[in-house]
Each structure stands twice: as C-alpha cells, then as structure tokens.
Amino acid sequence: MSALRFLQEFLARPADVGAFAPSGRDLALAVVNAAEVAHASVVVEFGPGTGAITQVILEHLTPGAKFFAIEINPNFAQMLKVRFPHVQVVHDSATNTQRHLQSLDEESCDCIVSGLPWAAFKGPLQDALLDAVSTCLRPGGHFATYMYLQSQCLPSAHRFKHEIARRFSSVSTTPIVWRNFPPAIVYHGVK
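Per chain, the residues get numbers from 1 upward, laid out in the order the sequence is written. In view of the model being predicted, local features appear only for residues whose pLDDT reaches at least 70, and side-chain atom pairs are presented and counted only at 80 or more, with totals across whole chains, interfaces and linings using the full set of residues. By convention in this description, side-chain values take in all heavy atoms of the structure and omit both hydrogens and water.

Engineer: What exactly am I supposed to notice about the pairing of strand 4 (residues 109-114) here?
Structural biologist: Consecutive side chains along a regular strand alternate between the two faces of the sheet. Think of it in three bands: residues with accessible area under 20% of the maximum for their type are buried, residues over 50% are exposed, and the middle band is partly exposed, with areas taken using a 1.4 Å probe on protein chains only. Strands are runs of DSSP state E lasting at least 2 residues, helices are runs of H or I lasting at least 4, and numbering of each runs from the N terminus. Buried residues dominate strand 4, accounting for 6 of its 6 residues. The pairing criterion is simple: DSSP has to find at least two bridges between the two strands. Bridge count between strand 1 (residues 42-46) and strand 4: 4 bridges; the pairing is parallel. Bridge pairing in strand 4 links V44 to I112. Where strand 4 meets strand 5 (residues 137-148), 4 bridges bridge the pair, whose relative direction is parallel. Looking across to strand 5, one finds that V113 is bridged to A144. Between the parallel pair strand 4 and strand 5, the chain is carried across by helix 7 (residues 123-136), and the sense of this crossover is right-handed. Looking down the strands as they point away from the viewer, one classifies a crossover as right-handed if the path from the first strand across the helix to the second runs clockwise.

Engineer: Just to check I follow, could you spell out the packing of aromatic side chains for this structure?
Structural biologist: When we look at a pair of aromatic rings, we describe it by the centre distance and by the angle of the planes. Note on aromatic pairs: the rings of Phe, Tyr and Trp (six-membered ring only in Trp) are paired at centre separations within 6.5 Å, and the planes decide the class, stacked below 30 degrees, edge-to-face beyond 60, tilted for the rest. Inspection of the entire model under this criterion finds 6 aromatic pairs. Ring centres of Y146 and Y148 lie 5.6 Å apart, and the angle between their planes is 65°; on these two criteria the pair is classed as edge-to-face. Judged by relative accessible area, which is 8%, Y148 ranks as buried. Through successive ring pairs, a cluster of aromatic residues spans W118, F121, F143, F160, F168 and Y187.

Engineer: What is the right way to read helix 5 (residues 74-83) from this model?
Structural biologist: An α-helical segment advances 3.6 residues per turn. Residues three or four places apart therefore align on the same side. Regarding helix 5, the residues found buried are F76, A77 and L80. The buried residues of helix 5 occupy an angular sector of 100° when the element is viewed end-on, so they sit on one face. Throughout, the arc means the angular range of directions from the helix axis out to the C-beta atoms.

Engineer: Can you walk me through the nonpolar core in this structure?
Structural biologist: In summary, soluble globular proteins display a tendency toward joint burial of nonpolar side chains. V37, V43, I57, Y146 and V186 are the most contacted members of the largest nonpolar core, which totals 30 residues. Residue assignment for this core shows that the elements contributing at least two residues are helix 3 (25-35), helix 4 (52-60), strand 2 (66-71), helix 5, strand 4, strand 5 and strand 7 (184-190). Counting residues per element, this core draws most heavily on helix 3, which supplies 7 residues. Contacts are assigned to residue pairs with any non-hydrogen atoms lying within 4.5 Å of each other. Beyond its immediate sequence surroundings of up to four residues, Y146 is in contact with S23, L27, V31, I53, S114, G115, L116, W118, A184, I185, V186 and Y187. Counting residues in hydrophobic clusters, the runner-up holds 28 residues, among them I70, V90, L116 and A157. By convention a nonpolar core is built from buried Ala, Val, Leu, Ile, Met, Phe, Trp, Tyr and Cys residues, the set being connected through side-chain atoms within 4.5 Å.

Engineer: Sorry, what's going on with the sheet that holds strand 5 here?
Structural biologist: For sheets, the rule is that strands pair by backbone hydrogen bonds, running either parallel or antiparallel. The strand order 3-2-1-4-5-7-6 describes an open sheet built from 7 strands, whose pairing is mixed. Each having just a single partner strand, strand 3 (88-91) and strand 6 (170-173) make up the two edges of the open sheet. With strand direction ignored, the average angle separating the axes of adjacent strands in the sheet is 15°. As judged from the 4 bridges shared by strand 6 and strand 7, these two strands associate in the antiparallel manner. Bridge pairing links V171 to G189 in strand 7. Helix axes use the C-alpha atoms of the stretch in contact, all axes being lines fitted to C-alpha atoms, and the angles between their N-to-C directions lie in the range 0 to 180 degrees. The strands touched by helix 3 are strand 4, strand 5 and strand 7; relative to strand 5, the strand with the most contacts, the crossing angle is about 160°. Against the sheet, helix 5 touches strand 2 and strand 3, its axis set at about 165° to strand 3.

Engineer: How should I be thinking about the side chain of Q126 in this particular structure?
Structural biologist: By the secondary structure assignment, Q126 is in helix 7. Here a polar contact means two N or O atoms within 3.5 Å. Within protein one must be a hydrogen donor candidate and the other an acceptor candidate, and residues neighboring in sequence count only if both atoms are side-chain atoms. Looking at Q126, its side chain comes within polar contact range of the side chain of R159, at 3.1 Å. Residues contacting Q126, with those up to four places away along its chain left out, are W118, F121, S156, R159 and F160.

Geometric descriptors of this kind do not, in isolation, establish any biological role.
As structure tokens, then:
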C-alpha cells in the first residue's frame, strides 16, 4: 500500500518526491549504517516519505535516543504519524531543523539521515538544506543520504557532490546498492 501511495505522490509532485518507489531495505540499511545511527543519541531524518528508512532507524536506535523525522509533504507526514504513532513527525521543511532540535532541548544532533531527492533540487535549495545539515550536526557528526544511479550524470547531482565535499571534513560513498529499485549510491559525510 505504501508503494502505491508513494507512486501517487510522485505523480502529483515529482520534483518534491523525486522517486516513483520507496527505498528498499538494503538501501535503508546502507544509509542507516553509514550514519552510525546505532551510536547516536540524537537522530534526525530528512524526507522520510512513507517510512522505509524510518523503520530501519527505529530498529537501530539505542534506548533513550531522541529521534524525529521532518517531512514537507503533508500526505506523507500524515501517513507516517499513523504508521509510527510513537515517532515525532514534523510537517515542515528540513531547512527549519534547528528550531525543532531546540524544541527537544538540543542544539545539535549526532546524525542526519536523508531521503531527499538532491538531484531534483536547484542550487539555492541544495545550499539551504546542506546549510541546515552543517548547522545542526555536532562536530564529528554523520550525514548520510543517497542518490539514484541514473541521477549521477545530472548537473544538479554534480553540484551536490561538490557542495557536500566542500562542507564536510570527509566524504565517502558506498558501492552501488544494486538491490534497490532503482539502484543507488550512499553518500556519507563527517562534519
């Protein structure tokens, strides 16, 4: 059902959703492991969609860790609240993450996991979102996101790769996650 809903949202808002299917479990595991969620005390998820990665984050969170997901799409935000009633789901732009961290009495977080469609975003939005990541992560914090293989050649994807390299002390990528539709590469930055 969530795959059908995801496709419907993609057809209605392709630039915001960025994909026609939710992330598969293998990709979700690769992103969560890259972000080192299991070692984090404060975790934020950008663009959880229907919750494929959210589910894996919840499986890896340590007891007592703080976690919230921030979703701009109102339909996805409502679905997530129903699917994960114990998770704080914020209907807002990820550019406002700092405000939501402060509502948890936190100034920063240990990791940010992102399902945002970076290759679909123009430069100013990429910058605003990456600035939010840089502002909200603690020194040594982890940022993990992914990009679909077919997006790698787009100018916006090249721009994203340049900007992430400029903002983090180290950036690495995983091998291609072939067991995802479509295949994807995970990007991991350490502040």
